[in-house]
Amino acid sequence: MSASQTSDVPTLLVKIFGKDRPGITAGLFDTLAAFSVDVVDIEQVVTRGRIVLCALVTEPPRGLEGDLRATVHSWAESMKMQAEIISGIGDNRPRGLGRSLVTVLGHPLTAEATAAIAARITETGSNIDRIFRLAKYPVTAVEFAVSGVETEPLRTALATEAAALGVDVAVVSAGLHRRAQRLVVMDVDSTLIQDEVIELFAAHAGCEDKVAEVTAAAMRGELDFEQSLHARVALLEGLDASVVEKVRSEVRLTPGARTLIRTLKRLGYQVGVVSGGFTQVTDDLKERLGLDFAQANTLEIVDGRLTGRVTGEIVDRAGKARLLRRFAAEAGVPLSQTVAIGDGANDLDMLNAAGLGVAFNAKPVVREAAHTAVNVPFLDTVLYLLGITREEVEAADTLDQRPGQELDLH
């Protein structure tokens, strides 16, 4: 029977709840099968060992509804469960236009924050159609399927609420495009890795404090990035080129970075990095992590020493957005299907150009301008914004693990 055929026919909502155990779903439908009903809809949820099973079925032949009710209640009692049966007409009401997925991350996720987010969704005129937990570790991540309001106004409304509550909220359009091939492009310093690469070089030159001060001002948007880059690189003049290998060995990946990239690659995503840092490090990261794209500035080396200059086109704020577009074109991925992740002011153009821009532990100016923010120190939490569950990640890692490998389950 089609959806149109069930729109005005009598139906019964059969609800079973109690302690979960094997055979409940089969048992209920075996019981209903004796009354020649058709299944219109099924919904089942198990939480902490308690099951709620709802079956929407057509009304049985005339005169049998009383028997059906009695039989279902008797079966439920035999299973030490409870049953509720409600008469009605037709199927669920159609979902409203404008369908979005709202992902909420909390560390922890409090009842207060959940209530406030749900209330704000309702205030926009949206309806919450379904809620699903994506992860319980290292953060609690839940996904709300919402309908009734277009994505952009919903995103704007929830961004303010999220900032006030101290939770991370991402709002994306629902639909087939979420499962399509995608491109993810990340900043490197303080995003893919925990360090600022130029500060690692500066430590070997004895000017780390001075460089760090200029870097911080540039990331806050207080200084022109290109000018600050030239000023900082000039302080490295005369360093022996052997320092490059030392810096590569000092780079620390952000917790969850390997898991993020490994999972994305398994799903067929293409992954790249753009950096205001240096190719001497990003090329190494590209090889080690199996990245598809990598672009950064290049330190000039002459006669085995750093000259204090960079060569080639500067990768600055505008350059990162330009490279995102170039990578997308080369990958054959529409810009709307790209995800950009960054933390500094020089990432803003890239974050805004992407289909989804994620501010990762970012400076205030970046958090305010990005589509969404993640403020926990685990880069793989970005997977939850893409609808990937923790169980899926860990199951894939377990199946793919080889002897001697360590899992990066941050």
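Residues numbered from 1 in each chain as written. Predicted model: local features only at pLDDT ≥ 70, side-chain atom pairs only at ≥ 80, totals over all residues. Heavy atoms only, no water.

By the naming in an unreviewed UniProt entry, the protein chain goes by phosphoserine phosphatase and is assigned to Streptomyces viridiviolaceus. One UniProt comment on the protein chain, placed under Pathway (unreviewed entry), says "Amino-acid biosynthesis; L-serine biosynthesis; L-serine from 3-phospho-D-glycerate: step 3/3." (UniProt positions renumbered as here; feature names shortened; annotations may be inferred.)

By the burial criterion, the buried members of helix H7 (residues 225–234) are Phe225, Ser228, Leu229, Arg232 and Val233. Seen along its axis, H7 keeps its buried residues to an arc of 125°; they face one direction. Tucked inside the fold, the buried residues of H7 contact helix H5 (197–205), helix H6 (208–219), strand S10 (270–278), strand S11 (293–302) and strand S12 (305–311). Regarding H7, its N-cap is Asp224, as a side-chain oxygen of that residue lies 3.2 Å from the backbone nitrogen of Glu226 further along. (Buried < 20%, exposed > 50% of the residue type's maximum accessible area, 1.4 Å probe, protein only. Helix = DSSP H or I, 4+ residues; strand = E, 2+ residues; numbered from the N terminus. Arc of directions from axis to C-beta. Contact = heavy atoms within 4.5 Å. Polar contact = N/O pair within 3.5 Å; in protein donor to acceptor, adjacent residues only side chain to side chain.)

Another aspect to go through is the pattern of salt bridges. All chains considered together, the criterion is met by 17 salt bridges. Residues Lys265 and Asp292 are paired through a salt bridge, measuring 2.6 Å at the closest nitrogen-oxygen approach. Of this pair, Lys265 sits in helix H9 (residues 257–266) while Asp292 sits in the loop between helix H10 (279–289) and S11, and the two are 27 residues apart along the sequence. With its nearest N and O atoms 2.7 Å apart, the salt bridge here joins Asp343 to Lys363. Residue Asp343 is found in the loop between strand S13 (338–342) and helix H12 (348–353), and its partner Lys363 is found in the loop between strand S14 (356–360) and helix H13 (364–369); the two are separated by 20 residues along the sequence. Bridged by salt links that share partners, the residues Asp187, Lys320 and Asp347 form one connected network. (Salt bridge = Lys/Arg side-chain N within 4 Å of Asp/Glu carboxyl O.)

Right, let's get into the side chain of Asp343. Accessibility expressed as a relative area gives 1% for Asp343, which makes it buried. Here Lys363 takes part through its side chain, which lies 2.7 Å from a polar atom of the side chain of Asp343. Setting aside residues up to four positions removed in sequence, Asp343 forms contacts with Asp187, Asp189, Ser190, Thr191, Phe360, Asn361, Ala362, Lys363 and Val366.

Attention shifts here to the packing of H5 against H6. Remark: H5 packs on H6, axes separated minimally by 8 Å, with the N-to-C direction vectors making an angle of 160°. One element, H5, and the other, H6, form an angle in the roughly antiparallel class. In terms of crossing hand, the pair formed by H5 and H6 is right-handed. Contacts between H5 and H6 involve Ile198, Glu199, Ala202 and Ala203 from the former and Glu208, Val211, Ala212 and Thr215 from the latter. Taken together, the residues of the contact of H5 with H6 break down into five nonpolar, one polar and two charged. (Axes fitted to C-alpha atoms, helices over the stretch in contact; angles between N-to-C directions. Parallel < 35°, antiparallel > 145°, perpendicular 65-115°, else oblique. Left-handed = near helix turned anticlockwise from the far one by under 90°. Nonpolar A, V, L, I, M, F, W, Y, C, P; charged D, E, K, R; others polar.)

Below, the discussion takes up the sheet that holds strand S3 (residues 50–58). In sheet architecture, strand pairing relies on hydrogen bonds along the backbone and comes in two forms, parallel and antiparallel. Spatial ordering of the open sheet is given by S2-S3-S1-S4, a layout of four strands whose pairing is antiparallel. Every interior strand has two partners, whereas the edge strands, strand S2 (39–47) and strand S4 (82–89), have only one. Each adjacent strand pair in this sheet contributes to an overall mean axis angle of 10°, direction not counted. Pairing analysis gives eight bridges linking strand S1 (residues 10–19) to S4, with the strands arranged antiparallel. Bridge pairing in S4 places Leu12 opposite Ser87. (Pairing = 2+ DSSP bridges.)

A separate point is the nonpolar core. Among the nonpolar cores identified, the biggest contains 66 residues, and Met186, Leu192, Phe201, Phe278, Leu285 and Ile341 are the most heavily contacted of them. Considering each element in turn, this core owes the most residues, five residues, to H5. With residues up to four places along the chain from it excluded, the contact list for Phe201 reads Leu236, Leu239, Val243, Val244, Val247, Phe278, Val281, Leu299 and Leu306. (Core = buried A, V, L, I, M, F, W, Y, C linked by side-chain atoms within 4.5 Å.)

So, about the environment of Glu123. With respect to the helices and strands, the residue Glu123 is situated in helix H3 (residues 111–123). Classification of Glu123 as exposed rests on a relative accessible area of 59%. C-alpha separation for the pair Glu123 and Ala157, spaced 34 residues apart in sequence, amounts to 9.2 Å.

Next up on the list: the side chain of Thr338. Mapped onto the elements of the fold, Thr338 is located in strand S13. Apart from residues lying up to four places away in sequence, Thr338 is in contact with Leu183, Leu324, Ala328, Val333, Ala354, Gly355 and Leu356.

In this model, His107 is joined to Pro108 through a cis peptide bond whose omega is 10°. Here Pro108 is to be found in the loop between strand S5 (99–106) and H3. A cis amide bond, omega -5°, links Tyr137 with the succeeding residue Pro138. Examined against the element boundaries, Pro138 turns out to sit in the loop between strand S6 (127–135) and strand S7 (140–147). Phi is positive for Lys80, close to 60°, though the residue is something other than glycine. Assignment of secondary structure puts Lys80 in the loop between helix H2 (65–78) and S4. Judged by relative accessible area, which is 73%, Lys80 ranks as exposed. For Asp303, which is not glycine, the phi dihedral falls at a positive 55°. Secondary-structure assignment places Asp303 in the loop between S11 and S12.

This next bit is on the packing of H3 against helix H4 (residues 151–165). H4 packs onto H3 with a crossing angle of 160° between their chain directions and a minimal axis gap of 10 Å. As far as their axial angle goes, H4 and H3 are roughly antiparallel. The chirality of how H3 crosses H4 is right-handed. Residues Ala113, Ala116, Ile117, Arg120 and Ile121 of H3 lie in contact with H4, whose contacting residues are Leu154, Ala157, Leu158, Glu161 and Leu165. For the contact of H3 with H4, the class distribution of residues is eight nonpolar, no polar and two charged.

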